[in-house]
Amino acid sequence: MANGTNTSAQDQSVIQQIDQLNRMSMRDLRKKWQDLFGTDSGRLGRAYLVRRLAYRIQELVYGGLSQDARRRLKELAEESKKKTPTRPELTNLQVGTRLLREWRGNQYEVIVKENGFQFNGKTYRSLSAVARAITGRHCGGRRFFGLQPGEKRRRRK
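Remember, it's a predicted structure, so these values are computed and weren't measured experimentally.

Calculation rules
Starting from 1, residues in each chain are numbered consecutively following that chain's sequence as written. This being a predicted model, a pLDDT of at least 70 is required before a residue's local features are given, and a value of 80 or more before pairs of side-chain atoms are given or counted; all residues contribute to the totals for chains, interfaces and linings. Note that the side-chain values use all heavy atoms of the structure and ignore hydrogens as well as water. Where helices and strands are cited, they refer to DSSP runs of H or I of at least four residues and of E of at least two residues respectively, numbered from the N terminus. A contact between two residues is defined here by any heavy atoms of the two lying within 4.5 Å. Think of it in three bands: with a 1.4 Å probe and only protein chains considered, a residue is buried below 20% of the maximum accessible area for its type, exposed above 50%, and partly exposed in between. Each reported salt bridge corresponds to a side-chain nitrogen of Lys or Arg within 4 Å of a carboxyl oxygen of Asp or Glu. Note on pairing: two strands pair once DSSP finds at least 2 bridges between them. For every element, the axis is a line fit to its C-alpha atoms; helices are fit only across the contacting stretch, and the angle between N-to-C directions ranges from 0 to 180 degrees. Two rings belonging to Phe, Tyr or Trp (six-membered ring only in the last case) form a pair when the distance between their centres is within 6.5 Å. Interplanar angles under 30 degrees mark stacking, angles over 60 mark edge-to-face geometry, and anything in between is tilted. Note on geometry: a ring has a charge over it if NZ (lysine) or CZ (arginine) is within 6 Å of the ring centre and within 35 degrees of the ring normal.

**Some remarks on the environment of Gln 58**
Argument step 1. Among the secondary structure elements, Gln 58 is positioned in helix H3 (residues 46-62).
Argument step 2. With 44 residues separating them in the primary sequence, Gln 58 and Val 14 have C-alpha atoms 6.6 Å apart.
Argument step 3. Excluding residues within four positions of it along the chain, Gln 58 makes contact with Val 14, Ile 18 and Gly 63.

This is the structure in structure tokens:
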């Protein structure tokens, strides 16, 4: 690495190896994964395998993350473990709140519970799951129950 020629040859080698990844079969990509990581690639998709292998090739040639970067990532991971995830749907609604919705001529009632939303004697983890149970398709629960404004639909002429 002391002279520019060596670095250039090294760069060319890395570029060629990465370019070869794009032309490899899935079988060859999995073998390359085994060679570079020492583990089975499992059911990872082609695009992910190519990106991760390209990173690994560069990491082996140029080095990985600095100690400072590794330390900071570890700190961030520890901080995120301490934070209790909140469920935005529940934070705005008090336990016991009744949500009413008329849909296709039927009246539906959902009760906010400590651990989710009760509908027809069953507790659901999200309003979206309740809306799916009612409509038979995926739709945003907060929007379905009128808690979040949706896009205004254009009227057809």
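**Description of helix H6 (residues 127-135)**
Helical geometry note: an α-helix holds 3.6 residues per turn, so side chains three or four residues apart project in the same direction.
Argument step 1. Across the 9 residues of H6, 7 count as buried, placing the element largely inside the fold.
Argument step 2. Inspection of H6 places Leu 127, Ser 128, Ala 129, Val 130, Ala 131, Ile 134 and Thr 135 among the buried residues, and these make up the whole buried set.
Argument step 3. Two residues or fewer after H6 comes Gly 136, characterised by a positive phi angle close to 80 degrees.

**What to know about the pattern of salt bridges**
Argument step 1. According to the stated counting rule, one finds 8 salt bridges in the structure shown.
Argument step 2. Ionic pairing is found between Asp 19 and Arg 23, a salt bridge with its closest N-O pair at 2.9 Å. Placement of both Asp 19 and Arg 23 in helix H1 (residues 4-23) is noted, with a separation of 4 residues, approximately one turn of the helix.
Argument step 3. For Asp 19, a relative accessible area of 36% gives the class partly exposed.
Argument step 4. On the accessibility criterion, Arg 23 (61% relative accessible area) is exposed.
Argument step 5. Residues Glu 109 and Arg 98 are paired through a salt bridge, measuring 2.4 Å at the closest nitrogen-oxygen approach. Taken together, the residues Glu 109 in strand S2 (residues 106-113) and Arg 98 in strand S1 (residues 98-103) connect sequence positions 11 residues apart.
Argument step 6. Where salt bridges share partners, they join Asp 68, Arg 71, Arg 72, Glu 75 and Glu 79 into one cluster.

**What to know about unusual backbone geometry**
Argument step 1. The phi angle at Arg 104 is positive, at roughly 50 degrees, despite the residue not being glycine.
Argument step 2. Looking at where Arg 104 falls in the secondary structure, it is placed in the loop between S1 and S2.
Argument step 3. If you check the backbone angles, Asn 120 has positive phi at about 50 degrees while not being a glycine.
Argument step 4. For Asn 120, the position within the fold is in the loop between strand S3 (116-119) and strand S4 (122-124).

**Structural notes on the sheet that holds S1**
Argument step 1. An order of S1-S2-S3-S4 is seen for the 4 strands of this open sheet, with the pairing classed as antiparallel. One side of each edge strand has no neighbouring strand; the edge strands of this open sheet are S1 and S4. Each strand axis lies, on average, 30 degrees off the axis of its neighbour in the sheet, ignoring direction.
Argument step 2. Alignment of S2 against S3, held across 3 bridges, turns out to be antiparallel.

**Structural notes on the pairing of S3**
Here is the key point about a regular strand: its side chains alternate between the two faces of the sheet.
Argument step 1. Where S2 hands over to S3, the hairpin turn is made up of 2 residues, counted between the paired strands.
Argument step 2. In the sheet, S3 pairs with S4 via 3 bridges, with the strands oriented antiparallel. Bridge pairing links Phe 119 to Lys 122 in S4.
Argument step 3. Between S3 and S4, which pair antiparallel one after the other, the connecting turn spans 2 residues, and Asn 120 there sits at a positive phi close to 50 degrees.

**Topic: the packing of aromatic side chains**
Argument step 1. In the structure shown here, the tally under the stated rule is 6 aromatic pairs.
Argument step 2. When the centroid spacing of 6.2 Å and the interplanar angle of 65 degrees are considered together, the rings of Trp 103 and Phe 144 count as edge-to-face. Taken together, the residues span a long stretch of sequence, with Trp 103 in strand S1 and Phe 144 in helix H7 (residues 141-144) at a distance of 41 residues. Of the two residues examined, Trp 103 and Phe 144, each falls in the buried class.
Argument step 3. Pairing Tyr 108 with Phe 119 gives two aromatic rings, centres 6.0 Å apart and planes at 50 degrees, and the pair type is tilted. Of this pair, Tyr 108 sits in strand S2 while Phe 119 sits in strand S3, and the two are 11 residues apart along the sequence.
Argument step 4. Here Arg 56 stacks its cationic end above the ring of Phe 37, 5.6 Å away from the centre of that ring.
Argument step 5. The aromatic ring of Phe 144 is capped on one face by Arg 101, whose charged end is 4.2 Å from the ring centroid.

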